[in-house]
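In case you want the letters, here they are:
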2 protein chains.
Amino acid sequence: MALMDAAARLFADQGYSATTIRDIAGAAGMLPGSVYYHFPSKTALLLEVYREGVAGLARRVDSAVAAAGGEPWARLEAAAAAHLETVLDQSAYAKVMIRVLPDDADDGAVAKELAAARDEYESRFRTLIGALALADRADARLLRLMLLGALNWTQTWYRAGGASPAAIARDFVKSVKQGVSP
Amino acid sequence: MALMDAAARLFADQGYSATTIRDIAGAAGMLPGSVYYHFPSKTALLLEVYREGVAGLARRVDSAVAAAGGEPWARLEAAAAAHLETVLDQSAYAKVMIRVLPDDADDGAVAKELAAARDEYESRFRTLIGALALADRADARLLRLMLLGALNWTQTWYRAGGASPAAIARDFVKSVKQGVSP
DNA sequence: TTTAAAACCAAACAACTGTTTGTTTTTAAC
DNA sequence: GTTAAAAACAAACAGTTGTTTGGTTTTAAA
């Protein structure tokens, strides 16, 4: 859908509140009012774009994990690589999920739905990390939040041309697995 | 300054473009027009708040590192702890530096200044990590970006009452140092 | 070729945006 | 107590915001 594509790209590039309905309509080749034939409000448009982003990301990660075999660290690495490839290269929808905070939606009920969608996605990493054999003092929750934070923050510094998203993800996972000390 | 305090809090809580001059003026107890006696534009106000955030954060981190002794990992841990305490608990100004992206400023020249201010701050971590003894295949740049990303992303999930900012920072540094494998 | 739904246009709405202007109040030094 | 600068007010400005309304075109099935 051209309208959602345009909205996803603009939300990802400029953020939610800096993006106007006129921006979106123009990028989709229509007039502002026409947007309201397809979506009842700007917030509803964000919600659908966000959900599509979460769904697409989940699909890619799930399939990467399924193809990764049974070794827990390999499965986590596959998930991290798929996450980063999608968020940095493949999907403007997935970018929105990282760039737009749930409370950017002016509607409180929608904010909760955005947060819930993201939580459901991230639960995959809870499972993947739960399957790891960890050192006694390692905190699985903080490990998950550290890894996801490091992955998501790449959106602020990543530029095409350097290390590939998959290579970055592999490096991150390896670092937390083995440590960087000699 | 009450005006900058109000702006810092609102920028940190709602983001830059979702915050209006009227919001800021109201929170500071004055009328919208009065803001322009102190700052020539909304963008200029952001720039000063952002700079104050960077300066305060740099001050705290520098002093924590100086007090941490000479062991490189202890110095990095002290920097990470100071960073997180400031950003999560102490300073709305520092929060702005994390929440507001440079290109949120409508003015391109200001965006560059914001990015430059953040870069100057982060160079400290380049130095701190440069002093570490790393395993052969460890990438110092990715290590820095991973750690800063994990730290900065805490702003999206941290809630007072759980692990303290300093404890989170210590956990992150320990994880990348030693790894979490048994 | 008729028809009806889907999609879009054209134009406006009220509210809100950053900002400017001229005037008044507050502050503090003389 | 006078004075002048600093700070704030009151009111508007031009442009933009999300959204609505009623009419027109497009699409595709009958």
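Read on for a plain summary of the structure. Quantities reported herein were computed from a predicted structural model and do not represent experimental measurements.

### Remarks on helix α5 (residues 72-90) of chain B
All names here are of chain B.
So, point 1. Here α5 spans 25 Å end to end across 19 residues, near enough to the 27 Å set by a 1.5 Å rise per residue.
So, point 2. Along α5, the positions that sit buried rather than exposed are Trp73, Leu76, Ala78, Ala79, Ala80, Ala81, Ala82, His83, Leu84, Thr86, Val87 and Leu88.
So, point 3. In this structure, the buried residues of α5 make contact with α4 (42-66), α6 (92-99), α7 (108-130), α8 (140-157) and α9 (165-178).
So, point 4. If you check the start of α5, you find a side-chain oxygen 3.1 Å away from the backbone N of Trp73, and it comes from Glu71.

### A closer look at the protein's contact with DNA strand C
So, point 1. Taken together, 14 residues surround DNA strand C, and among them Leu31, Tyr37 and His38 of chain A together with Thr20 and Tyr36 of chain B come closest.
So, point 2. Counting only atoms of DNA strand C within 4 Å of the protein, the fraction found in sugar and phosphate groups is 60%.
So, point 3. The side chain of Ser34 of chain A places a nitrogen or oxygen atom 3.1 Å from a phosphate oxygen of DNA strand C.
So, point 4. For the surface near DNA strand C, the secondary-structure elements that each account for two or more residues are α3 (35-38) of chain A together with α2 (21-28) of chain B.
So, point 5. Of the residues assigned to the surface near DNA strand C, the class counts are five nonpolar, six polar and three charged.

### Topic: the pattern of salt bridges
So, point 1. Within this structure, the stated rule accounts for 10 salt bridges over all chains.
So, point 2. Taking the shortest distance from any N to any O, the salt bridge between Arg99 of chain B and Asp104 of chain A comes out at 2.8 Å. With Arg99 of chain B in helix α6 and Asp104 of chain A in the loop between α6 (92-99) and α7 (108-130), this pair bridges two chains.
So, point 3. Classification of Arg99 of chain B as buried rests on a relative accessible area of 16%.
So, point 4. The class for Asp104 of chain A is buried, based on a relative accessible area of 19%.
So, point 5. Residues participating in the shared-partner salt-bridge network are Asp62, Glu120 and Arg124 of chain A.

The rules behind these values
- Residue indices follow the written sequence of each chain, beginning from 1 at its first position.
- Working convention: letters from A go to chains and numbers from 1 go to ligands, in the order in which they are written.
- In keeping with the predicted nature of the model, local features appear solely for residues at pLDDT of at least 70, side-chain atom pairs appear and are counted solely at 80 or more, and the whole-chain, interface and lining totals rest on all residues.
- Excluding hydrogens and water, the side-chain figures rest on all heavy atoms present in the structure.
- A helix here means a DSSP run of H or I that spans at least four residues, while a strand means a run of E at least two residues long, and both kinds are numbered starting from the N terminus.
- Multiplying 1.5 Å by the residue count of a helix minus one yields the expected span of that helix.
- Each residue gets one of three labels from its accessible area relative to the maximum for its type: buried under 20%, exposed over 50%, partly exposed in between, using a 1.4 Å probe on protein chains only.
- Contacts are residue-level and defined by heavy atoms, with any inter-residue pair within 4.5 Å sufficient.
- In the analysis that follows, any N or O atom pair within 3.5 Å is treated as a polar contact, provided that within protein one partner can donate a hydrogen and the other can accept it, and provided that, for residues neighboring in sequence, both atoms belong to side chains.
- Residues are labelled near a given molecule or strand when at least one of their non-hydrogen atoms is within 4 Å of it.
- Residue polarity follows a fixed list, in which Ala, Val, Leu, Ile, Met, Phe, Trp, Tyr, Cys and Pro are nonpolar, Asp, Glu, Lys and Arg are charged, and the others, Gly among them, are polar.
- Each reported salt bridge corresponds to a side-chain nitrogen of Lys or Arg within 4 Å of a carboxyl oxygen of Asp or Glu.

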